[in-house]
Amino acid sequence: MTESSAVLLRSWSTLIHEATNGRAALRSTTVLLPHRWSDIPRMCRTASTTPEVGGAKATSAHIRVEGPHPVFDSAPWTQQSRGCGHQGDFIQMGSGFLRPLNATGSAAANRAARLLLAEWAKFRWGVFSEKGHQGDPLYPLWYRSEANNHAWAPTVCSNGQVGGSGCNPDFSPDCVWSADPSHSNATSSILGLSHSSKVTQFCDSRSHNPEAQTKHNVLCNGRDVWHIMMMSPDFNFGRNPPSPSAPTPDIQFAFRARSRYVLLIEDTAVMNLQMSAIRALFLISLKFILGKGEGF
């Protein structure tokens, strides 16, 4: 699992650098491992694994690996409790998302990196999805385009032609659109077509579709993703100018330190006479210890 995490983060960093025109990349990060993994034989650990560290909390991590989600399964998703342009709460993915990854630059790693980049953009820069969803009344798969005589158009932002599905939304509102193969050179948007291997860019003022009924357009008042990103502290006022190449990420793995507890029992004549209190204290202490399990 540690090697899969490293593969994903390296591929992700390269894609961030490309998608931001050289203005961002992953420089260093710490992956916090469950403390029970510290019992794995030393030969099974990666060379970059560090000893236990204190103070690190899994709940404060930007990206969390948990069990499958009832809606998203193992795919990454982002909790965003604030509005446009504000950082989200966290990104979460299932461990199954990491298991197929074994080599940086592989098709699986690049696809996973694109999916994670879309979620990172939501989390870090406060942007939102740029595509419709099947059965969603707020952000449907299709909308009526005023720019095209109210004809049906796919709900997506892209610099390529999209919609060659062969179905008619008038008769089948949930028919699924697809990228038109005659426009396979589309490179945006990561927040709309992250499943496409050639999509490596965000929509900007040149490629943005402000009338599409996407979550991003609704919550960001039709402004393009690149515009919102450039207002963030990462980039505004010329911060982080373009660099020719992405740095090699420094990825460290650390075990979360076990919590230490001290139980104090008053050993006085008065307390010893109150056997009911001693018995209750014993039961409470036993319940506390057993409840902590191996983390105690």
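Above this note sits the structure.
These numbers come from a predicted model, not from an experiment.

Across its full length, the protein carries 6 helices and 8 strands. The order of α-helices and β-strands along the protein, N terminus first, is α-β-β-β-β-β-α-β-β-α-α-β-α-α. Counting all 296 residues of the protein, 39% fall into the buried class. Relative to all contacts within the protein whose residues are 6 or more apart in sequence, the contacts with residues 24 or more apart total 66%. On the protein, roughly 16,700 Å² of surface is accessible, and the fraction owed to carbon and sulfur atoms is 54%.

Here we come to the side chain of Glu130. Following the sequence through the fold, Glu130 ends up in the loop between α2 (107-125) and β6 (142-145). Despite being buried, Glu130 has no salt bridge partner; Lys122 is the closest side chain of opposite charge, sitting 10 Å away. For Glu130, the side chain forms a polar contact with the side chain of Ser189, separated by 2.6 Å. Setting aside residues up to four positions removed in sequence, Glu130 forms contacts with Thr155, Val156, Cys157, Ser189, Leu191, Gly192, Cys203, His208, Thr214, His216 and Val225.

What follows concerns the state of the cysteines. A complete count under the given rule lists 2 disulfides for this structure. Linked covalently through their sulfurs, Cys84 and Cys220 form a disulfide whose S-S length is 2.1 Å. Residues Cys84 and Cys220 share a disulfide whose torsion about the S-S bond is about 110°; that sign makes it right-handed. Of this pair, Cys84 sits in the loop between β4 (77-79) and β5 (90-94) while Cys220 sits in the loop between α3 (215-219) and α4 (225-230), and the two are 136 residues apart along the sequence. With respect to burial, Cys84 and Cys220 carry one shared label: buried. Paired by a disulfide, Cys157 and Cys203 hold their sulfur atoms 2.2 Å apart. Classification of the bridge connecting Cys157 and Cys203 rests on its S-S torsion, roughly -115°, and on that basis the disulfide is left-handed. Remark: Cys203 occurs in the loop between β7 (151-154) and α3 and Cys157 occurs in the loop between β7 and α3; sequence separation between them is 46 residues. Look at Cys157 and you get buried, because its relative accessible area is 2%.

Taken as a whole and judged by the stated rule, the model has 6 aromatic pairs. Where Trp12 meets Trp120, the ring centres are 5.1 Å apart and the plane angle is 80°; that geometry is what we call edge-to-face. Here Trp120 lies in helix α2 and Trp12 lies in helix α1 (residues 2-19), a separation of 108 residues in the sequence. We note that Trp12, like Trp120, is buried. An angle of 70° between the planes, with centres 5.7 Å apart, marks the rings of Trp77 and Phe90 as edge-to-face. With Trp77 in strand β4 and Phe90 in strand β5, the pair connects residues that are 13 residues apart, well separated along the chain. The same class applies to Trp77 and to Phe90, which are both buried. Joined through ring pairs, the aromatic side chains of Trp12, Trp120 and Phe123 make up one cluster. The cationic tip of Arg64 hangs over the ring face of Phe90; the distance from NZ or CZ to the ring centre is 4.0 Å.

Moving on, we get to the pairing of β7. Residues in a regular strand project their side chains so that they alternate between the two faces of the sheet. Direction of pairing for β6 relative to β7: antiparallel, over a ladder of 4 bridges. If you follow Arg144 over to β7, its bridge partner there is Trp152. Following β6, the chain reverses through 5 residues before pairing antiparallel with β7; Asn149 in that reversal takes a positive phi of roughly 55°.

What follows covers the pattern of salt bridges. Scanning the model with the defined rule gives 4 salt bridges in all. Residue Asp234 is joined to Arg124 by a salt bridge in which the shortest nitrogen-to-oxygen separation is 2.9 Å. On the criterion of sequence distance, the pair formed by Asp234 in the loop between α4 and β8 (250-256) and Arg124 in helix α2 is long-range, its members being 110 residues apart. Classification of Arg124 as partly exposed rests on a relative accessible area of 28%. Asp204 is the salt-bridge partner of Arg206, the closest N and O atoms lying 2.8 Å from each other. Residue Arg206 is classed as exposed on the basis of its relative accessible area of 75%.

Attention now goes to the nonpolar core. Judged by nonpolar contacts, the single largest core of 52 residues is most densely connected at Leu8, Trp12, Leu117, Phe202 and Met229. Of all the secondary-structure elements, those providing two or more residues to this core are α1, β1 (28-33), β5, α2, α4 and β8. For this core, the element with the most residues is α2, which contributes 11 residues.

Reading guide: rules and limits
Residues numbered from 1 in each chain as written. Predicted model: local features only at pLDDT ≥ 70, side-chain atom pairs only at ≥ 80, totals over all residues. Heavy atoms only, no water. Helix = DSSP H or I, 4+ residues; strand = E, 2+ residues; numbered from the N terminus. Buried < 20%, exposed > 50% of the residue type's maximum accessible area, 1.4 Å probe, protein only. Contact = heavy atoms within 4.5 Å. Areas by Shrake-Rupley, 256 points an atom, 1.4 Å probe, with all protein chains shown as cover. Lys, Arg positive; Asp, Glu negative; His and termini not counted. Salt bridge = Lys/Arg side-chain N within 4 Å of Asp/Glu carboxyl O. Polar contact = N/O pair within 3.5 Å; in protein donor to acceptor, adjacent residues only side chain to side chain. Disulfide = S-S within 2.5 Å. Phe/Tyr/Trp six-rings, centres within 6.5 Å; stacked < 30°, edge-to-face > 60°. Lys NZ or Arg CZ within 6 Å of the ring centre and 35° of its normal. Pairing = 2+ DSSP bridges. Core = buried A, V, L, I, M, F, W, Y, C linked by side-chain atoms within 4.5 Å.

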